[in-house]
Structures are given as C-alpha cells and as structure tokens.
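Working through the structure, step by step
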Amino acid sequence: MLVPLLALLQGGVTGPPRYSGRDGELRVAVPRFDGAVAVDGALDEPQWADAARLTGFSQYAPVDGRPAEDSTEVLVWYSNTAVYFGVRAFESHGAVHATLADRDKISADDYVEILLDTFNDHRQAIAFGVNPLGIQSDGVLNEGTRSGVSGYGGATRDTVDLSADFVYQSKGRVTAAGYEVEIRIPFKSLRYQPRASQDWGLNVIRQVQHSGYQDTWTPARRAATSFLRQSGTLAGLSELRRGLVLDVNPEATGKADGAPAAAGWRYSATGPELGGNVRWGITNNLTLTGTANPDFSQVEADAGQLQFDPRQALFFPEKRPFFLEGLEQFDTPNTLIYTRRLVQPVAALKLTGKVSGTNVGALFALDDHAASASGSDHPRYGIVRLRRDLLGQSTAGLVYTDRIDGAGYNRVAEVDTRLVFGTIYALALQGAESFTRAGGSTTQAPLWQATFDRNGRSLAFHYGISGIHPDFVAASGFIARPGIVTSTIDHRVTLYGRPGAGLESWTGDVFLFGRWKYDTFTEGRTADDRELHLNLTGVLRGGWTVTSGVFFESFGYDPELYKDYALEHTVGGVTDTVPFVGTPHIANLDLLLNLATPQFKRFSGTLLLLPAIQDENFFEWAPARILIVQATGDWRPTDQLRISASYDHQQYWRKTDGSTVGLRRIPRLKLEYQLSRPVFVRLVGQYDSQRQDSLRDDSRSNGPILIRDPATGAYTRAAARSDNALRLDWLVSYHPTPGTVIYAGYGNSLTEPDALAFRDLRRTSDGFFVKLSYLFRM
C-alpha cells in the first residue's frame, strides 16, 4: 500500500522508467508479457504488479495547470495480441457516479477515456472510454475539425466523435476507495504503423462528475491548437500480431408496414431480407469495408429541430452504422461529404486508412432508384478524401465527389489546407469548384473559405470569411444555404479564479457577423444582414455554467424568399393583386440566458431562454416579438433506468396587436431501461405541433397576403393552418458486441386536430420490424 501511495504523491510513471523526449514529452517503456488475463475488473494478476504505472494527473477543465484533486493510477502492459490498461480511480471528495448504461451513454457518469494515437502523428486518436462498471463508450478524436472560439469558459479542444464502435473488452467495479476498471484492446481492432518497433501517442482523461473537473495524465494546456500534440508516448512496442482481420457480418430483417386502407387498416409484410457487411484489414493501416442491402430500421428517429431562419437547411447527423465507421476520414470544411445523401444504398464499398502520412477515405455506392430524379435510375456515388500531414500539425487535403443520376451528374473538386504555427495559431484555406449537368445544361461555380484562429488560454479570436456561389451544388455534401458570403470576427477574453473560488472562470465574448448575397458582395455593397452579439459566461465551482447575452441585429429583405408572395389590395370596391415588397431592413434586439447544471448523480439539465424584444417575423416580413425556449433534462432514478426529456418552443407575436402569427412546440421523451449490460428497452415519443395564422401585411397595409401556386400560377390567400404529429417508437435490443445484435421494434405515427390534447388521435402509419445480425471475426 505504501509504494502506490508514494507514487501518487510524487506523480509521473513508476515501474519501467519514464524519461522526457522532445519538448518535455512524457515517454514510457511498456513491458511485454506473454499470455492473457481474465478481464474481470480485478487487477490481481502478476502482470499488473509489473506493469508501467502512470500517475501525476493534472486538471485540464475548467482550469488547466492545477494538480488533480482526485488521484488516478493507470497501469499499462501488452502481449503479442493486445494492449491492457488497468485504472484505479481514487475518490475521496464525493460519490462515484455509475449506471448500467447502453454503449456510448456514459457522459453523465464518472469515466476514464484512453486516447491511443497509433500512428503517433498527433492528428487522430481512437478513444476507448469506460465508466466505473466497465460500460463502454468509444470513438475517434480527429484534430483540426474545429474552428472558432467558445464563449463557454476558456479555450476548447476537438471532441471525440462517438459514431464508430470498436471491439474491446472491459469490466469495472466500485470500491471503497473509488473504482477500478480493466480494459483489453486487441490489435485486430486497431490500425497502426507497418513497423517492427513503434511508438504510440497516449493520453488518459478522467471525468470527475461530483466536481465537474476533467483531469489528464500529461499536463495538457488549453492554450494550444492541438490537444493530441500534448500526449505522452508508449515507446518501443514490438512484435505486434494482428493476424487476419476479416469480419463477416450477415443480417436478416423482416418488416410489416401498416397504412390506411378501404377496409380499415392493412399491413404489407416483407422479408426476410438478407444483407450484410464485410470488413477486411488489407494491411495494418488500410481497411476495406463493403455492404449489400443494408437495413437501418433500428436507428433512432431524428429529434425535431427549430428553424430560426427558413433560408437555412437543417442539418441532421449520420446515424447508420456502415457509414459511421471511418466517418472521420471524410471530414471536410463546409461538409462537402455528407453520407446521408445516400438514401437507401443497394451496395457500397469503402476504403479507409493511412498510408505514408496520408489519410485515405474512398466511398463508392449505388443508391436505391427511389433517390433518383427520374425514379427509375440508380444514382451512383464516387467519393474520395485525401489529407496529407505536413510539418508540425499542419495538413493539406483534397476532395473529389461524383454523383451520377441518369444523364445528369454533379462533380465537386476541392483543395484545403490547415497551417498551424506558434502553438496557438491556425490558418485554414479552402477552395472548391462544382460541375453540374441537369436538364441538358452544364454549370460550374466556386466555393471558397479562409479562417484564422488564435486559441489562447485567456485571449482567443476567430476571423473568417466564406463564399458560396449561387450555382454551387454539392449533391454528395451538405450546403445549408448557397449564394451567400459570410464574414465573422469573434474575440474572447477569459479570466480564472483562484483555486477553491466560487467563480472558476469568467469569459466575455464579442461576436460580429455579416452576410451578403453573393452578387451583393462581389459588387462591393454593404452586408444584407449584420449581427453584434455580446456574451458573458461564468463557470461556477461544482459544474454550473451560466451564460447571458444581448444581440443587436439588422436583417435585410430577401426578395428571393418572397418571390411567390403578393398582396390583395382593394380600392373603391375593386380588388386587385399587387406585388409584395418588404421593408428594406428590420432591426432586432434579443436577450439570451443559458443555464447548465452539473452532472448530478441522478439529474442534469439545461435551459436556454431567448426572448426577442424585436426580431424578424419571416412569415410576413414584419417586426415581431419572439420567445424561444429550449430545455433538456436527464433523470436517472436508478442505475438501470434513464429518462431524457426535452422541450423546444418557438413563438412569434405581431407587434401591432399582439396576436400569434406562428407557434411551434416539440416535446420529446425517451425512456431506456437496461435489463443487463447487453439488453435494453427503449421508448421514444415526440410530439411536433405547428400552427400558423392567416398571413397579412402586418407592418404596412394590413391586407391579406397571397401565395402563388408554382404549378398553376394562381394566387390564393395564405390561410391559417396547423399540424399536430405524434411519433412513438419502441425498441428491444440485445447488443453484446458491435455487429452482433437482435432488434425488435414498433413505430407508430399519429395526428390529431387539437394541439397536445391527446384526444381523437388518428393513426397515419405504423410498422413492425425484427433484425438479426451476427459478427464472425476471423
């Protein structure tokens, strides 16, 4: 007991010697032992006694550079087939937070996260996280994807994308002193360098929920463009045996979809439909993955989103397993690769990895004919993303995408670079050109962007400008709004409290934003939309975060948005249709309050209030008062039951008479019960209520607004309308390892005439499904 205690007090590495590399880098020679151990959460085998011992953790968030308040000891060793980690997390200041959760659902628990940079290039790491019970959360940390500054208390780093799932073993247990976890990561689950002896980058992160602190093994600093550059090193790994890496993952799915019929309700059953995935590790650093007739019935439906500006398309993240694996290899500025464009692939092939300092991502797919413009062709996709490491943390990359649909096509060619210098500065440049053939004509158009960032501890800034030509098309990507130029100036200053202070950090942020139509910008005219946001954020001891802000904005009239609008004008008993011409600019004044609670053992929540004293009413292009509320709450009444609730509210009142012109409410409830580590039951219910008043020229004549039907050219009054949709989804899941699953689910869509009344609910569609899948690992 005395030896580990002295190691914790002294800090660093015990066992095999630690030494400093370049720039004070922490390096440790990890011992190699033959044989294996039982992964049971008890670190009592002889190998653990002789393992390298990593200690000396320091605080990273919310304030860096301070000794960790809770001690952590990490043991490391490896065999010829796997690397092993044992963690002793000592907890003397508060209770351990641990639940029996589903995979990737441990953010409310205490946890440790191991970041393995197997190419030792400080650009990408695989994250293996576990909570005190050994529940897993894994993904990829891909650096260089974040640009800008955070107004939430200090410099920020790229976060782990939890999309990917890796096969590894872990067990944990709560002890009188805290908790212990044991982890085995097989080399089959990793890509690494093709060398006989190699070094891997390593950092270990510990999240302590009772205090809200995040600790790291290496003394990482927030004032840096790279978090991974501050990792330590596992030195001299040799004779690693990955063996044949071949995963065969067949699946079978049966469905029954219901819809209204002349004689009541009718179900049409299909299946069993067969499909599957194959994953082949061509080399230690290249992986080829294929899929045929994949099914994604188990994927949770997208949560509803409020639309603040109808000119901006809403972004929904990828959730489908085949596309999630290796998704980080396709990261690009401006999202020129967006795999959700593939609606229902018939077959797809994907190559990912790293070769001689170049990250490689290639995707080729054949989509279902339903995604075709003609409804009969199968759209074909070819996507390539390459990114080359340069000196330091700098990179250069290119993208080529090709979507062919019958006689039409869309192709995009792009180059980008990110130049890092002075440890806290980064310059990013991007240029792209699209080539589109549709309806017998061909167009080409550019996209460009430049950003410059300083990621300092107390002072940070972001300068950015980007332009998207009106004719630029990315059929394989996501462009929220083409035909605009935007510029950003964002400055942030952060002050830190003394150790033990109630206010741990205080951040002031000044944000300037301008938006032009593309032609307006090239003609040298002033911005159409202008914004000035002033924010103050305080991080309180214990994990509370409070943000307040005031927004001064001016939005310009957009004729394109209202091209189908007209006014009904009556003079002398004669009614006529006249063009709709909006007020040139509307000045806005908005307030902001954002509150986030700590991760309590049983509860956490957030609340955002955005009351607008005056803002634009896009329905009628007139000044309005607006209230936006977004609230979330996560309640964990037991270690197995999780209840997550959210509520989104968006309401517009006319300034002239206080009447409501638009109202949207989205309550959502998710219940998950974890019967055992691999088995859970989930219920998701979401209600989306939308109501719009009959439209009128509220800021001027008060006459009715008419909207033209593009098909007929006829104008009709914009009458009041409402829509109330309820969606319920059940899922029973058995998921012992990635790839091996049994799913059974039911989904039901309903509607009713009165919002949130839950009377006269009418079913519009429903469906049952069962899915079986098994992972054969060769």
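What counts as what
Residues numbered from 1 in each chain as written. Predicted model: local features only at pLDDT ≥ 70, side-chain atom pairs only at ≥ 80, totals over all residues. Heavy atoms only, no water. Helix = DSSP H or I, 4+ residues; strand = E, 2+ residues; numbered from the N terminus. Rg over C-alpha atoms; globule rule 2.2 N^0.38 Å. Buried < 20%, exposed > 50% of the residue type's maximum accessible area, 1.4 Å probe, protein only. Contact = heavy atoms within 4.5 Å. Polar contact = N/O pair within 3.5 Å; in protein donor to acceptor, adjacent residues only side chain to side chain. Pairing = 2+ DSSP bridges. Axes fitted to C-alpha atoms, helices over the stretch in contact; angles between N-to-C directions. Phe/Tyr/Trp six-rings, centres within 6.5 Å; stacked < 30°, edge-to-face > 60°. Lys NZ or Arg CZ within 6 Å of the ring centre and 35° of its normal. Core = buried A, V, L, I, M, F, W, Y, C linked by side-chain atoms within 4.5 Å. Salt bridge = Lys/Arg side-chain N within 4 Å of Asp/Glu carboxyl O. pLDDT = per-residue confidence, 0-100.

Quick word on the overall build of the protein chain
The helix and strand tally for the protein chain stands at four helices and 45 strands. Its C-alpha radius of gyration of 28 Å places the protein chain within 12% of the 28 Å reference for a compact globule of 778 residues. Counting only residues that meet the buried cut, the protein chain has 51% of its 778 residues in that class. Here the contacts in the protein chain between residues at least 6 apart in sequence split such that 62% fall between residues at least 24 apart.

Side note on the side chain of Arg696
Tracing the sequence through the fold places Arg696 in the loop between strand S39 (679-692) and strand S40 (705-708). Overall, Arg696 belongs to the buried group, its relative accessible area being 18%. A polar side-chain atom of Arg696 sits 2.5 Å from a polar atom in the side chain of Asp657. If near-sequence neighbours (up to four positions away) are discounted, Arg696 is found in contact with Glu620, Arg654, Thr656, Asp657, Ser659, Asn702, Gly703, Pro704 and Ile705.

Examining the sheet that holds strand S41 (residues 715-717)
Pairing is antiparallel across the open sheet formed by four strands, whose spatial order is S33-S32-S40-S41. Where the open sheet ends on each side, the last strands, each with one partner, are strand S33 (574-579) and S41. With strand direction ignored, the average angle separating the axes of adjacent strands in the sheet is 40°.

Regarding the packing of aromatic side chains
With the rule as written, the count across this model stands at 37 aromatic pairs. On the basis of an interplanar angle of 55° and a centroid distance of 6.2 Å, the ring pair of Tyr562 and Trp621 is categorised as tilted. In this pair, Tyr562 sits in the loop between strand S31 (545-556) and strand S32 (565-571) while Trp621 sits in the loop between strand S35 (603-617) and strand S36 (622-635), placing the two residues 59 residues apart along the sequence. This pair shows no difference in class: Tyr562 is buried, exactly as Trp621 is. Positioned above the aromatic ring of Tyr409 is the side chain of Arg411, whose terminal nitrogen or guanidinium carbon lies 4.0 Å from the ring centre.

Here we look at the nonpolar core
It is characteristic of soluble globular proteins that their nonpolar side chains tend to be buried jointly. Among the nonpolar cores identified, the biggest contains 39 residues, and Phe85, Leu116, Ile185, Leu190, Trp200, Leu202 and Leu234 are the most heavily contacted of them. Look past the residues within four positions of Leu202 in its chain and what remains in contact with it is Leu54, Phe85, Ile114, Leu115, Leu116, Trp217, Thr218, Ser231, Gly232, Thr233 and Leu234.

Brief notes about the pattern of salt bridges
Pairing between side chains becomes possible if they bear opposite charge and their charged atoms approach one another. Tallying each qualifying case throughout the model produces 45 salt bridges. The network of salt bridges with shared partners includes Asp309, Arg311, Arg481, Arg515, Lys517, Asp528, Asp529 and Asp558.

Regarding the side chain of Asp64
Its location among the elements puts Asp64 in the loop between strand S5 (58-61) and strand S6 (66-67). Side chain to side chain, Asp64 and Arg457 meet in a polar contact 2.4 Å long. Those residues within four positions of Asp64 in sequence are excluded, and the remaining contacts are Gln59, Ala220, Arg221, Arg222, Ala223 and Arg457.

A few points about the pairing of strand S16 (residues 232-238)
A regular strand places its side chains on the two faces of the sheet in alternate fashion. The buried fraction of S16 amounts to five of the seven residues, a majority that puts the element mostly inside the structure. Pairing analysis gives five bridges linking strand S14 (residues 197-208) to S16, with the strands arranged antiparallel. Of the residues in S16, the one forming a bridge with Leu202 is Gly232.

Some details on the confidence of the model for the protein chain
Here the protein chain shows a mean pLDDT of 90. Residues at 70 or above account for 94%. When the criterion is pLDDT under 50, residues 1-22 qualifies, and its contacts beyond four places in sequence or with other chains add up to 44 contacts. Low confidence marks residues 150-155, where pLDDT is under 50. Its contacts with residues over four positions away, or in another chain, come to 28 contacts.

Description of unusual backbone geometry
Look at the link from Ala61 to Pro62: it is a cis peptide, with omega at 5°. For Pro62, the location among the structural elements is in the loop between S5 and S6. The backbone of Thr335 sits at a positive phi, close to 50°, despite the residue not being glycine. Within the secondary structure, Thr335 is located in the loop between helix H3 (321-324) and strand S20 (345-355). By relative accessible area, which is 26% here, Thr335 ends up partly exposed. One non-glycine residue, Leu756, lies in positive phi territory at about 55°.

Topic: the environment of Asn617
Relative to the helices and strands, Asn617 resides in strand S35. On a C-alpha basis, the gap between Asn617 and Ile586 in space is 9.3 Å, while along the polypeptide they are 31 residues apart. Excluding its chain neighbours within four sequence positions, the residues that come into contact with Asn617 are Tyr562, Ala622, Ala624, Tyr652 and Val661. A distance of 2.9 Å separates a polar atom in the side chain of Asn617 from a polar atom in the side chain of Glu620.

Section: the pairing of S31
Pairing geometry for strand S30 (residues 529-540) and S31, over 10 bridges, is antiparallel. Note on S31: the bridge partner recorded for Thr537 is Thr547. In this structure, the hairpin formed by S30 and S31 is closed by a connection of four residues, where Gly542 is found at a positive phi of approximately 105°. As defined by bridge partners, S31 adjoins strand S34 (residues 585-596) across 12 bridges and the pair is classed as antiparallel. Its bridge partner being in S34, Gly549 is matched across the sheet by Leu592.

Details of the environment of Phe128
Within the fold, Phe128 resides in strand S10 (residues 124-130). On the accessibility criterion, Phe128 (0% relative accessible area) is buried. The sequence separation of Phe128 and Ala38 amounts to 90 residues, and the corresponding C-alpha distance is 19 Å. Aside from chain neighbours lying at most four places away, what touches Phe128 is Val112, Glu113, Ile114, Leu116, Ser137, Phe166, Tyr168, Ile185 and Leu190.

Side note on the environment of Gln630
Looking at where Gln630 falls in the secondary structure, it is placed in strand S36. Residue Gln630 is classed as partly exposed on the basis of its relative accessible area of 26%. Once the C-alpha coordinates of Gln630 and Leu609 are considered, the two residues, 21 residues apart in sequence, prove to be 6.8 Å apart. If sequence neighbours within four positions are ignored, Gln630 has contacts with Leu306, Phe308, Thr606, Leu607, Leu608, Tyr647 and Asp648.

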